[in-house]
Amino acid sequence: MNNAQIEIQIIASLVSIACAIPGTFLVLRKMAMISDAISHSILPGIVIGFFLTQDLNSPILILFAAFTGIITVVLVEYIQKTGLVKEDTAIGLVFPALFSIGVILIAKNANDVHLDVDAVLLGELAFAPFDRLLILGTDVGPKALWIIGVILFITITLLIAFFKELKVSTFDAGLAASLGFSPAIIHYGLMSVASVTTVGAFDAVGAILVVALMIAPAATAYLLTTDLKKMLALAIGFGVLSAISGYWFAHWLDASIAGSITTMLGLIFLFVYLFAPSKGVIAVLYREKQQRAEVSLLTFLLHLKNHTELEERHVNHLREHINWQRVRAKAVLELALKNNMIVVDKNIVSLTKKGDTFTSKAIDYIITNRDAQIEDMKDDFFLFRG
Amino acid sequence: MTKMDITEYFQLVFTDYTLRTITLGTAILGAVTGMLGSFAVLRKQSLLGDAISHAALPGIAIAFLITGAKDTNTLLLGALVSGLIGTFWIRGIVKKTHLKSDTALGLILSLFFGFGMLLLTFIQKQPNANQAGLDKYLFGQAATLVESDVWMMAIVTGLCLFVLLLFWKEFKLLLFDADYTTTLGFNTKFIDILITSFIVLAIVLGLQTVGVVLMSAMLLAPAAAARQWTNSLATMVFLAAIFGAFSGVFGTAISASQTNLSTGPVIVLVASVFVFFSFVFSPSRGLLFKQIRFIKNRRDLELHKTLAFMHHIAETHDDISHPHAIILLNNFQGYTRSTLQKLVEKNYVEIKGSMWSLTKIGFETAANLYTKKSTDNE
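Residues numbered from 1 in each chain as written. Chains lettered and ligands numbered in written order. Predicted model: local features only at pLDDT ≥ 70, side-chain atom pairs only at ≥ 80, totals over all residues. Heavy atoms only, no water.

Chemist: Explanation requested: the overall build of chain A in the structure shown.
Modeler: When you go through chain A residue by residue, the secondary structure sums to 16 helices and 4 strands. Every one of the 386 residues in chain A was classed for burial, and the buried ones make up 53%. When the accessible area of chain A is evaluated, it comes to approximately 17,800 Å², of which 64% is carbon and sulfur surface. (Helix = DSSP H or I, 4+ residues; strand = E, 2+ residues; numbered from the N terminus. Buried < 20%, exposed > 50% of the residue type's maximum accessible area, 1.4 Å probe, protein only. Areas by Shrake-Rupley, 256 points an atom, 1.4 Å probe, with all protein chains shown as cover.)

See below:
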């Protein structure tokens, strides 16, 4: 690994951390698409800022472009408030318009602007180490590193200082307001951080990757935990992991680093989406299948309890009467047998003592909907758990 | 494309083959996206279009990698497949996990797009001269439309119109009351998938002209503009198609008359102007008329307040038309010179010098003001 490679990985990691922190809150506040809107609509801000400063890394440009991001949020909220269109439509109307203005501005000044739309969308992480920051003639590292470092430092400081306020306002906006935290200040504070991060990061990784780095790690972490601190930590972890693995993947493929980091984020998300212990798709499907079987079992047991006549409890009759397919009936029968709920004697099914008490308790629970009766049943059955 | 001005463009559009093709193409595109966009907007799926169009990018790249050819239809087929995968993955995420729809949309949008960009940069590094021009799908280049593309669009639009008319009742019902539709015995899942698939199809169709980044606006803007003028679904769909078609034509005209201008952003800006205009000037919902109505209502209210106060004073006298000093009204909020003047105009009040007196009509109206109110409240 040479120096430039290490620097690229450090920049990518810092960007991913700086994005994961506001991203976590955006995902929790159901405002993920706002980050997409901001990332697009900062474009005119960047272009105008570039006309004024002639330097893509100038702090003035960053503030100017971040301000465009805030304007987007305000504009979206204004349109929402008029009630003319639904909330998501407002987002979808504002950012394409602003982005179009940006693209046209670039196109009309293509000759005197060294800025192209591809770079804005995708960034040029590979070139980041070549743009050095010189202080009094000494080389102190790549500019991008310093920019994102400063942004990250501010973000972390704000996070630690206002963690409690952020947490309360995210999960209970009403409580936060009644405790005296201004929802508006927290909301616009978060939006400002998101805007500044987006602008600071776009030069390195491009507008789309910023969105991916904000949403994907947070969403992945959200599938694994419901604890805010753990979620933040996991999101940062996933971000850094994909930043570094993405860099090497791009290196091997000789393709865009930003695209490759996004792909890594996608793969990590896909993996967690499928295999997360309790919220992954496989776990959910398994649980749903179990619950279906248990509902069937309960129906079956209830039927047995309600009928003392022998013919009603004959295996063949049950199949017709409850109208299950053969396979499912068999599965339910076996499940009941396994749990010692029933005995089968000459094709006549009857409840055991255990099955009888279980059924009574279950009915009691369904009727009263109280938890106390089923505490001891919870271990055996998914149905009654949460 | 050479430089010309707009009037020149409209003269040429009927004679020049290229211009005619492009204009027809963008007009048809605008119409079909406007039509289907109405459903997306009303179903609160506005941002789905954004996600789908971004999600289509890897499909284009993969289709190119497999076939190695730049045939538009093949690439768009790839886009269609990957757009559909994205759409159904979004539904899967929302249905099976506790992640919300905005997160799902943002995820699929950015992840698919990032993957697509990875593939595009990978393709660009390949020693294959054929690869140039794939990035036109980012922002669209209407100039690359040829007659067969326009035919393709026309066929899809025709198909779409046919299905729309065939299932009109079902679509409408599903739009406004999904539960009721289910209880009536319609297969809501089928209708839902049908309409979503057509939305995906329309988006994919527009990628060549408007590009993945801005395609969502083509879907939303005409529909959002049309929504402001009507409360009827049929009228809205029709208006959205008109707005979309005009955005396409004007956008193409402007972008053709300038050098260095991608069609996509210009069409989007034209559509945004339609939206802005509709937001402000629509008679029933528009901001302008809403504000005018607001001011008028406030004025009426002030008038009522003034009249009620006058009635209150006049009541204490035997002669209702007994004159009172205007100064009396000064410390009352609803009173202004203009409200008083209005009351005079309506013949409720007479003014003599610095004194006012209620007329008989004025007294009765003021008395009824209260009784009416009290009956309204019951």
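Chemist: What's the story with the pattern of salt bridges in this structure? I'm lost.
Modeler: A side chain with one charge can pair with a side chain of the opposite charge if their charged atoms come near. All chains considered together, the criterion is met by 4 salt bridges over all chains. Across the pair A:Glu288 and B:Lys96 runs a salt bridge, and its minimum N-O distance is 3.1 Å. One end of the pair, A:Glu288, is in helix α13 (residues 281–306); the other, B:Lys96, is in helix α5 (residues 72–96), on a second chain. The exposure class of B:Lys96 is partly exposed, given its relative accessible area of 26%. A salt bridge links B:Asp192 to B:Arg43; the nearest nitrogen and oxygen atoms lie 2.3 Å apart. Of the two residues, B:Asp192 is situated in helix α11 (residues 188–210) and B:Arg43 in the loop between α2 (17–42) and α3 (48–55); the sequence distance between them amounts to 149 residues. The pair formed by B:Asp192 and B:Arg43 is uniform in burial state, with each residue classed as buried. One salt-bridge network, held together by shared partners, links B:Arg43, B:Arg91 and B:Asp192. (Salt bridge = Lys/Arg side-chain N within 4 Å of Asp/Glu carboxyl O.)

Chemist: Which parts of the structure should I look at to understand the interface of chain A and chain B?
Modeler: The figure often quoted for interface size is the accessible area lost as the parts come together. On the side of chain B, 57 residues touch chain A, which itself brings 61 residues to the contact. Buried surface at the junction of chain A and chain B, summed over both partners, amounts to about 4,900 Å²; 74% is from carbon and sulfur atoms. Applying the counting rule to chain A against chain B returns 1 salt bridge. Among the elements of the structure, α2 (32–53), α3 (59–82), α4 (87–108), α5 (117–122), α10 (207–224), α11 (228–253), α12 (257–275) and α13 of chain A are those that each provide at least two residues to the side of chain A that touches chain B. Among the elements that line the side of chain A that touches chain B, the one with the most residues is α4(A), at 15 residues. Taken together, the residues of the side of chain A that touches chain B sort by class into 40 nonpolar, 12 polar and 9 charged. (Contact = heavy atoms within 4.5 Å. Buried area = accessible area lost by both parts, 1.4 Å probe. Nonpolar A, V, L, I, M, F, W, Y, C, P; charged D, E, K, R; others polar.)

Chemist: Whenever I open this one, the pairing of strand β3 (residues 342–345) of chain A confuses me. Can you help?
Modeler: Regular strands show a simple pattern: their side chains alternate between the two faces of the sheet. Sheet analysis places β3(A) next to strand β4 (residues 348–351) of chain A, joined by 4 bridges and oriented antiparallel. Across the sheet, A:Val344 pairs through a bridge with A:Val349, a residue of β4(A). (Pairing = 2+ DSSP bridges.)

Chemist: Would you mind showing me how to read the pairing of strand β2 (residues 138–142) of chain A here?
Modeler: Residue and element names in this part refer to chain A. Pairing of strand β1 (residues 132–135) with β2 involves 3 bridges; the strand directions are antiparallel. Bridging from a neighbouring strand, Ile135 pairs with Thr138 of β2. Here β1 folds back onto β2 in antiparallel fashion, the turn holding 2 residues, of which Leu136 has a positive phi close to 50 degrees.

Chemist: When you look at the sheet that holds strand β2 (residues 349–352) of chain B in this model, what are you seeing that I'm missing?
Modeler: For sheets, the rule is that strands pair by backbone hydrogen bonds, running either parallel or antiparallel. All names here are of chain B. Within the open sheet, the 3 strands sit side by side as β1-β3-β2. Their pairing is antiparallel. Both edges of this open sheet fall to β1 (324–325) and β2, since each of them pairs with a single strand only. The pairing of β2 with strand β3 (residues 355–358) spans 4 bridges and is antiparallel. Its bridge partner being in β3, Val349 is matched across the sheet by Leu358. Along the sheet, helix α15 (residues 287–315) contacts β1, β2 and β3; its crossing angle with β3, the most-contacted strand, is approximately 85 degrees. (Axes fitted to C-alpha atoms, helices over the stretch in contact; angles between N-to-C directions.)

Chemist: Quick question: what am I supposed to make of the packing of aromatic side chains here?
Modeler: In this description, an aromatic ring pair is defined by two values, namely the gap between the centres and the angle between the planes. If you walk through the whole model with that rule in mind, you get 14 aromatic pairs over all chains. Seen from their ring centres, A:Phe269 and B:Trp89 are 6.0 Å apart, and the 40 degrees between their planes marks the pair as tilted. Here the residue A:Phe269 occupies a position in helix α12, and B:Trp89 occupies one in helix α5, the pair thus bridging two chains. Pair check on accessibility: A:Phe269 and B:Trp89 agree, each one buried. Considering the side-chain rings of B:Phe167 and B:Phe171, the 6.1 Å spacing of their centres and the 40 degrees angle between planes classify their relative orientation as tilted. (Phe/Tyr/Trp six-rings, centres within 6.5 Å; stacked < 30°, edge-to-face > 60°.)

Chemist: Would you explain α2(A) in this entry?
Modeler: Helical periodicity: at 3.6 residues per turn, an α-helix aligns residues three or four positions apart in one direction. Residue and element names in this part refer to chain A. Taking 1.5 Å per residue, 22 residues should reach 32 Å; α2 reaches 31 Å between its end C-alpha atoms and fits that length. At Leu43, α2 shows its maximal kink, close to 30 degrees; a proline, Pro44, follows between one and four residues later. Burial analysis of α2 places 18 of its 22 residues in the buried class, the great majority of the element. (Expected span 1.5 Å × (residues − 1). Bend = angle between axes of the 7 residues up to and from the residue.)

Chemist: Looking at this structure, how should I read the domain arrangement of chain B?
Modeler: Its domain assignment divides chain B into domain 1 (6–282) and domain 2 (289–377). In this structure, domain 1 of chain B and domain 2 of chain B have C-alpha centres spaced 57 Å apart. (Domains from an automatic or database assignment.)

Chemist: Looking at this structure, how should I read the environment of A:Ile60?
Modeler: For A:Ile60, the position within the fold is in helix α3. Sequence separation between A:Ile60 and A:Phe50 is 10 residues, and the spatial gap between their C-alpha atoms is 9.4 Å.

Chemist: I tried to follow a nonpolar patch on the surface on my own but got confused; where do I start?
Modeler: Residues and elements named next belong to chain B. Together, Phe10, Phe238, Ile242, Phe246, Phe250 and Ile254 line one region of the surface with nonpolar side chains, adding up to about 520 Å² of accessible area. Counting residues per element, the nonpolar patch draws most heavily on helix α13 (residues 233–256), at 5 residues. Of note, Phe246 is situated in helix α13. (Patch = residues over 30% accessible without salt bridge, like charges linked within 9 Å, V, L, I, M, F, W, Y side chains within 5 Å.)

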